[in-house]
Structures are given as structure tokens and as C-alpha cells.
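Take a look at the letters that make up each chain.
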Amino acid sequence: MSKFLDKRYSSLAAYVPGEQPQDKQYIKLNTNESPYPPSPETVAAVNKSEAELLRLYPDPDGRVLTKKIADLYGVGTENVILVNGSDDILNFAFMAFGANGRKTYFADITYGFYSVFANLHGSDYKTIPLEDDFTIDYKRFCNLDGAVFIANPNAPTGIALGLDEIEEILKTNPDNVVVVDEAYVDFGTESAVKLVSKYENLLVVQTFSKSRSMAGARLGFAIGNKELIGDLHKLRYSTNPYNINRLTLVAGAAAIDSQSYYTENCKRIEKTREFTTNELEKLGFRVLPSKANFVFAESDTVSGEELYLKLKEMGVLVRHFTSDRIKNFNRITIGTPEQMHILIDKIKEIMEAV
């Protein structure tokens, strides 16, 4: 690092994205992207006429897309904020509700960006350990004295809390913002959006990256109480009011209009997830009960690191983590049925050679 970096950031441990090697063609099951393309309507919306309008700034409020999201989820436009990927809103949420020594809480095994944002903004944060079976005990998130961040379903485990448990967390933290990060909610979990009108302390965060096949477009949104959304708009306008480009806005609107296409894709992914889980369990793997577009699995026969490295040699990428509690696991994105058949065949080859 240079001598010019502010000392506050000199020890910051940055988030490490999933690897994107370019040395050969891989079956890419490491970054939880959709195996299916955006809907034909979404692709058609990004056309020559729209591209020619790139000379103009986008609508900073994204009013067309905001209205479509509000209508889809049954809320007002004042309850919605658009962002440059859901990471953008998580950053703002830590800045708004947990910065400069304020307390925040999240699980010890969860989305890795939470600790990065907490350190970036000087949060006094505490991690709450998952149970031995990697579930979240919701009672440990009740009656706290700071903002709460919960990924539901959790990542990288894929395990989800029920809406009744989320509501109990909200009830017992009336003076704390509760951020429910629903990046994977469309793969089998009930959204907390329906609780927004009931709890002023709830902020629900979602993304177009997973279920809507738009990871490369960088589009996310949050739904919450009007005042909470206003707080976040203030931060957005103080940093980058034109945070979403014109093409992403029109693609997002078209995606909302073709919701049935994406719902069907989610069902296909859920079916493939069940197949993958069953096949891995036949091979002796322990697979956590996932409600996301990935599975989290470990084997007593081959270590997590060895399996990850051997699969990479064979042209299949999965995500391996190195922290002690989960170093024997790999997170495996659910691809097409054909991709998952190849994965299983490669794993059989590896295990037969052990």
C-alpha cells in the first residue's frame, strides 16, 4: 500500500470475490450466478435506441423501475430505493445505522461483506455463533442494543429462518434497525417484505443478481419504512445519485415485467438443487438443507480444499472457504442439470482415486 492511504484503512481486510480465472473454459459453480439467461424481454430492452441514449444521464430516482418494484411487492414508491447491486445498500446501511462506534450484530458464518463494511465504517460489531448444525438461533438476535444484519437464507450455508422467527427479532428490537438480506429468497424462502408495513425498523434487501439473471448488470433494491428509505437516499445522493446506468434501469424494468419467466427458472433450480443434494448424499457427503441457489457440502473422504483443487484441475469451479468451522465444506452453485451431472461424475472420479 502507498504512504498516502489514510491510516484508518491500512489494516482493512477487503472482501474477496469468487475467483474468475481466464486460463481455460470452466463450468462455473463458484459465484452463485444463474445458469439461465435473462428473459427475452430483458435482452430486447437493451437495444440500439436505448444505447444511443447513453449520452444522457439516467433518471437518478429510477422512477419507472421503482414503480414496477413497488407494485410487484405491494408497497409505495416511497418504500423502495434502487442501488448498484445489493452490496451498495448494505454499505449504506452500515454507514447509516452502525458507523462510528455504534453496535451491530451478525452471525459468525455469513456473508463476508458484513465484517468488511463494519470495519470500514468503524462499527463496534459482534458476531453471534451459528449453532453446531449451522442454523441461526433467532433467540440470540433478540433484545440487542444495535443494528442487526441477517442473511436469509444465510450464506454460505443456505439455511433459512422462518418468517415467524424474523418477526420475533423485529418485535424484540424496536429501537434497532433489522436488515434482512434476501439475496437468495426466491429459491424457497418467504420474504419479509410483507412485514414492512408492520415494523418501522425493518429493511429488506434484494438483488437482481441471482434469481433474475442480472449479476453483470449490478442492480439491487431495498424496501422499508419511508423514513428509513429516506435516510438511505440521503447517503446515496451524498455519494453517487446516478448510481444505476440507463441500460440497467430498462433491463430491470423488463425483468419485472417478465416475472413469470424468472419464477419458472427458480423452480428449475430448486429441482436441480434437490437432485444435486441427493446425489452428493449418495456419495457420503453431508449437505446442509439449502433454500438458496447453492448447496454447502462436506465429505469425510476428501477434504474441502482437496476437492476444490481437484475439481478446478478438471475444469469445474466451486467456492472453498478457509475459516476453521467451514474449511471442510465447499459451496456449490446450482447450474443446469447437465452441469450438475458433470460435477457429480467428476466428484465420483476424485473419490474413487482417494
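Refer to the preceding data block for the structure.
Residues numbered from 1 in each chain as written. Predicted model: local features only at pLDDT ≥ 70, side-chain atom pairs only at ≥ 80, totals over all residues. Heavy atoms only, no water.

**Some points on the overall build of the protein chain**
Reasoning step 1: Looking only at helices and strands, the protein chain features 11 helices and 13 strands.
Reasoning step 2: For the protein chain, whose C-alpha radius of gyration is 20 Å, the value lies close to the compact-globule estimate of 20 Å for 354 residues.
Reasoning step 3: Looking at the 354 residues of the protein chain, the share that counts as buried comes to 53%.
Reasoning step 4: Sequence separation of at least 24 residues holds for 72% of the intrachain contacts in the protein chain that already meet a minimum separation of 6.
Reasoning step 5: When the accessible surface of the protein chain is totalled, it reaches about 16,400 Å², and 49% of it is carbon and sulfur.
Reasoning step 6: Averaging the locations of the 40 positively and 48 negatively charged side chains of the protein chain gives two centres separated by 4 Å. (Helix = DSSP H or I, 4+ residues; strand = E, 2+ residues; numbered from the N terminus. Rg over C-alpha atoms; globule rule 2.2 N^0.38 Å. Buried < 20%, exposed > 50% of the residue type's maximum accessible area, 1.4 Å probe, protein only. Contact = heavy atoms within 4.5 Å. Areas by Shrake-Rupley, 256 points an atom, 1.4 Å probe, with all protein chains shown as cover. Lys, Arg positive; Asp, Glu negative; His and termini not counted. Charge placed at Lys NZ, Arg CZ, Asp CG, Glu CD.)

**Describing the pattern of salt bridges**
Reasoning step 1: A complete count under the given rule lists 16 salt bridges for this structure.
Reasoning step 2: Of the charged contacts, one joins Asp257 and Lys68 as a salt bridge, the two residues approaching to 3.0 Å between their closest N and O atoms. Here the residue Asp257 occupies a position in helix α8 (residues 246–257), and Lys68 occupies one in helix α3 (residues 63–73), the gap between them amounting to 189 residues.
Reasoning step 3: Note on Lys68: relative accessible area 25%, which makes it partly exposed. (Salt bridge = Lys/Arg side-chain N within 4 Å of Asp/Glu carboxyl O.)

**A look at the packing of α3 against α8**
Reasoning step 1: Relative orientation of the contacting elements α3 and α8 amounts to 25°, with a least axis distance of 9 Å. The angle between the axes of α3 and α8 places the two elements in the roughly parallel class. Viewed along their axes, α3 and α8 form a crossing whose handedness is left-handed. Facing α3, whose interface residues are Val64, Leu65, Lys68, Ile69 and Leu72, α8 presents Leu249, Gly252, Ala253, Ile256 and Asp257.
Reasoning step 2: Classifying every residue of the contact of α3 with α8 gives seven nonpolar, one polar and two charged. (Axes fitted to C-alpha atoms, helices over the stretch in contact; angles between N-to-C directions. Parallel < 35°, antiparallel > 145°, perpendicular 65-115°, else oblique. Left-handed = near helix turned anticlockwise from the far one by under 90°. Nonpolar A, V, L, I, M, F, W, Y, C, P; charged D, E, K, R; others polar.)

**Quick notes on the side chain of Ser290**
Reasoning step 1: Within the secondary structure, Ser290 is located in the loop between β9 (286–287) and β10 (294–298).
Reasoning step 2: With a relative accessible area of 10%, Ser290 lands in the buried category.
Reasoning step 3: In terms of polar contacts, Ser290 uses its side chain to reach the backbone amide nitrogen of Ala292, at 3.0 Å.
Reasoning step 4: Among the polar contacts made by the side chain of Ser290, one reaches the main-chain carbonyl oxygen of Phe294 at a distance of 2.5 Å.
Reasoning step 5: With sequence-adjacent residues up to four places away left out, Ser290 is seen in contact with Gly158, Arg273 and Val295. (Polar contact = N/O pair within 3.5 Å; in protein donor to acceptor, adjacent residues only side chain to side chain.)

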